[in-house]
Amino acid sequence: KILGNKVYPQYDYIVALVIGIGITMFITSTDNLRFDYDIYGEEVSAKWTGIMLLFLFLFFDSFTSQWQSRMFQRHRDLSMIELMFATSAFSTVLSLITL
């Protein structure tokens, strides 16, 4: 009920909890996994980078759906194709900037 004053069924909360537990189990089971060496030749783990990227993905993924539903409510004449084009164009520009 935090975003958009929507109430979700209990099933959605259970699914989110199970996914969170699965991700936690996966991350904790890969403690000895090493991907690279740093400039001093010591092994480094990318675990914290992966956790940060995962949380950023989950945050922006939930933000995107909320933003799209709000856009459809405010602009009744907006079509799905126009919104998909705008989202894809923004993602493309953002990707090109970060290269």
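Student: What's the story with the overall build of the protein in this structure? I'm lost.
Tutor: A count of helices and strands for the protein gives three helices and two strands. Going from the N terminus to the C terminus, the protein shows its helices and strands as α-β-β-α-α. By the burial criterion, 5% of the 99 residues in the protein qualify as buried. Long-range contacts, defined here as pairs at least 24 residues apart, represent 24% of the contacts in the protein between residues at least 6 apart.

Student: I'm lost on a nonpolar patch on the surface in this one. Help?
Tutor: On the surface, a cluster of nonpolar side chains totalling about 720 Å² of accessible area is made up of Met52, Leu53, Leu56, Phe59, Phe60, Phe63 and Trp67. As for its placement among the helices and strands, phenylalanine 63 is situated in helix 2 (residues 47-74).

Student: Can you help me understand the layout of surface pockets in this one?
Tutor: Regions of empty space are outlined by a rolling probe, equal in size to a water molecule, passed over the atoms. In this structure, the second largest pocket encloses a volume near 330 Å³. Among the elements that line the lining of the second largest pocket, the one with the most residues is helix 3 (residues 80-98), at seven residues.

Student: Would you take a moment to explain the confidence of the model for the protein for this structure?
Tutor: Low pLDDT means the predicted atomic positions in that stretch should not be read closely. Taken over all residues, the pLDDT of the protein has a mean of 79, while the share at 70 or more is 79%. Highest mean pLDDT in the protein belongs to helix 3 (88); lowest belongs to strand 2 (residues 43-44) (62).

What counts and what doesn't
Residues numbered from 1 in each chain as written. Predicted model: local features only at pLDDT ≥ 70, side-chain atom pairs only at ≥ 80, totals over all residues. Heavy atoms only, no water. Helix = DSSP H or I, 4+ residues; strand = E, 2+ residues; numbered from the N terminus. Buried < 20%, exposed > 50% of the residue type's maximum accessible area, 1.4 Å probe, protein only. Contact = heavy atoms within 4.5 Å. Patch = residues over 30% accessible without salt bridge, like charges linked within 9 Å, V, L, I, M, F, W, Y side chains within 5 Å. Areas by Shrake-Rupley, 256 points an atom, 1.4 Å probe, with all protein chains shown as cover. Salt bridge = Lys/Arg side-chain N within 4 Å of Asp/Glu carboxyl O. 1 Å grid on protein atoms, 1.4 Å probe; cavity = no way out; pocket = protein on both sides within 12 Å on 5 of 7 lines; lining within 4 Å. Points joined across faces, edges and corners; volume = space filled by probe spheres on them. pLDDT = per-residue confidence, 0-100.

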